[in-house]
Amino acid sequence: ITRHIDSLAKDSKNLESIHIPETQNMIKLFISHSSKDEALVKELIELVKNALHLPSREIRCTSIDGHRLPGGANTNEEIKREVHDTKAFIGLISFASIDSMYVLFELGARWGSGKQLFPLLAPGVSPDILEGPLSGLNALSCSNGSQLHQLVNNLAEILEIAPEPSQAYQRY
């Protein structure tokens, strides 16, 4: 294999034909959530997809069809990797999610990585619900249209993509 690659590398015309298969999907956005918040999470996904044109394959949301882990994946290992490696991470904070061990572990792992973490408060949830290290992070609210626009713009900046004009995704 090494000799074959070396011979291809010498011929620059052939470099364009080399295809190295991707061994792992590149998840750009991980949404940590409780499965009990399925309806709200679906709305959040629609907002992000329409505002940022993110394809479903780049969004991980483990309880939503089209965004689940691959069949046969080692759940714990895959979630650990994706929580660490994803560019953008939203922690949907609801009364159900603060009772979910998976959500708490995902939030803690992301916080411990030193990478960006967006706490997003579900409707009816106050920032007072955040304790410990998460209380030091600015949480945005699903109940506030301006803050959802801010979320879209913050995600666009982190993902290095241009968002749609707000009029295009306002209904979401």
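Look above for the structure.
Residues numbered from 1 in each chain as written. Predicted model: local features only at pLDDT ≥ 70, side-chain atom pairs only at ≥ 80, totals over all residues. Heavy atoms only, no water.

Visitor: How should I be thinking about the packing of helix 3 (residues 38-52) against helix 6 (residues 145-159) in this particular structure?
Guide: What describes two packed helices is the angle between their axes and the distance between those same axes. Close contact between helix 3 and helix 6 brings their axes to 11 Å; oriented N to C, the two are set at 55°. As summarised for this structure, helix 3 and helix 6 are arranged oblique, according to the angle between their axes. Between helix 3 and helix 6 lies a crossing whose hand is right-handed. Contact with helix 3, carried on its side by Leu44, Leu47, Val48, Ala51 and Leu52, involves Leu148, Leu151, Val152, Leu155, Ala156 and Leu159 of helix 6 and no other residues of that element. Classifying every residue of the contact of helix 3 with helix 6 gives 11 nonpolar, no polar and no charged. (Axes fitted to C-alpha atoms, helices over the stretch in contact; angles between N-to-C directions. Helix = DSSP H or I, 4+ residues; strand = E, 2+ residues; numbered from the N terminus. Parallel < 35°, antiparallel > 145°, perpendicular 65-115°, else oblique. Left-handed = near helix turned anticlockwise from the far one by under 90°. Contact = heavy atoms within 4.5 Å. Nonpolar A, V, L, I, M, F, W, Y, C, P; charged D, E, K, R; others polar.)

Visitor: I tried to follow the sheet that holds strand 4 (residues 118-121) on my own but got confused; where do I start?
Guide: Across the sheet, which stays open at both edges, the 5 strands sit in the order 2-1-3-4-5 with parallel pairing between neighbours. Of all strands in the sheet, those bounded by a partner on one side alone are strand 2 (59-60) and strand 5 (140-141). Direction of pairing for strand 4 relative to strand 5: parallel, over a ladder of 2 bridges. Directly across from Leu120, in strand 5, lies its bridge partner Leu140. Relative to strand 3 (residues 88-93), helix 5 (residues 101-113) is tilted by about 140°, and along the sheet it contacts strand 1 (29-32) and strand 3. (Pairing = 2+ DSSP bridges.)

Visitor: What is the right way to read the packing of helix 4 (residues 75-85) against helix 5 from this model?
Guide: Here helix 4 crosses helix 5 at 40°, and the two axes come no closer than 9 Å. Between helix 4 and helix 5, the crossing angle belongs to the class labelled oblique. The handedness of the crossing between helix 4 and helix 5 comes out as right-handed. Of helix 5, the residues touching helix 4 (which contributes Thr75, Asn76, Ile79, Val83 and His84) are Tyr102, Glu106, Ala109, Arg110 and Ser113. Taken together, the residues of the contact of helix 4 with helix 5 break down into 4 nonpolar, 4 polar and 2 charged.

Visitor: Would you mind showing me how to read a nonpolar patch on the surface here?
Guide: A surface patch of nonpolar side chains, about 540 Å² in accessible area, is lined by Phe95, Ile98, Met101, Leu104 and Phe105. Within the secondary structure, Met101 sits in helix 5. (Patch = residues over 30% accessible without salt bridge, like charges linked within 9 Å, V, L, I, M, F, W, Y side chains within 5 Å. Areas by Shrake-Rupley, 256 points an atom, 1.4 Å probe, with all protein chains shown as cover. Salt bridge = Lys/Arg side-chain N within 4 Å of Asp/Glu carboxyl O.)

Visitor: Please clarify how unusual backbone geometry should be interpreted in this entry.
Guide: Outside of glycine, negative phi angles account for most residues, and trans bonds account for most peptide bonds. One non-glycine residue with positive phi stands out, namely His53, at about 55°. Take His53: it is sitting in the loop between helix 3 and strand 2. Its identity as a non-glycine residue notwithstanding, Glu160 has a phi of 55°, on the positive side. Along the chain, Glu160 falls in the loop between helix 6 and helix 7 (166-169).

Visitor: Please explain the layout of surface pockets as it appears in this structure.
Guide: Using a probe with the size of a water molecule, rolled over the atoms, empty space left in the structure can be pinpointed. Approximately 250 Å³ is the volume found for the largest pocket. Among the residues making up the lining of the largest pocket, the classes are represented as 10 nonpolar, 2 polar and 1 charged. Here the second largest pocket is characterised by a volume of approximately 160 Å³. Along the walls of the second largest pocket sit Asn76, Ile79, Lys80, Val83, Tyr102, Phe105, Glu106 and Ala109, which together make up its complete lining. When residues of the lining of the second largest pocket are traced back to their parent elements, those giving at least two are helix 4 and helix 5. Of the residues contributing to the lining of the second largest pocket, the split by class is 5 nonpolar, 1 polar and 2 charged. (1 Å grid on protein atoms, 1.4 Å probe; cavity = no way out; pocket = protein on both sides within 12 Å on 5 of 7 lines; lining within 4 Å. Points joined across faces, edges and corners; volume = space filled by probe spheres on them.)

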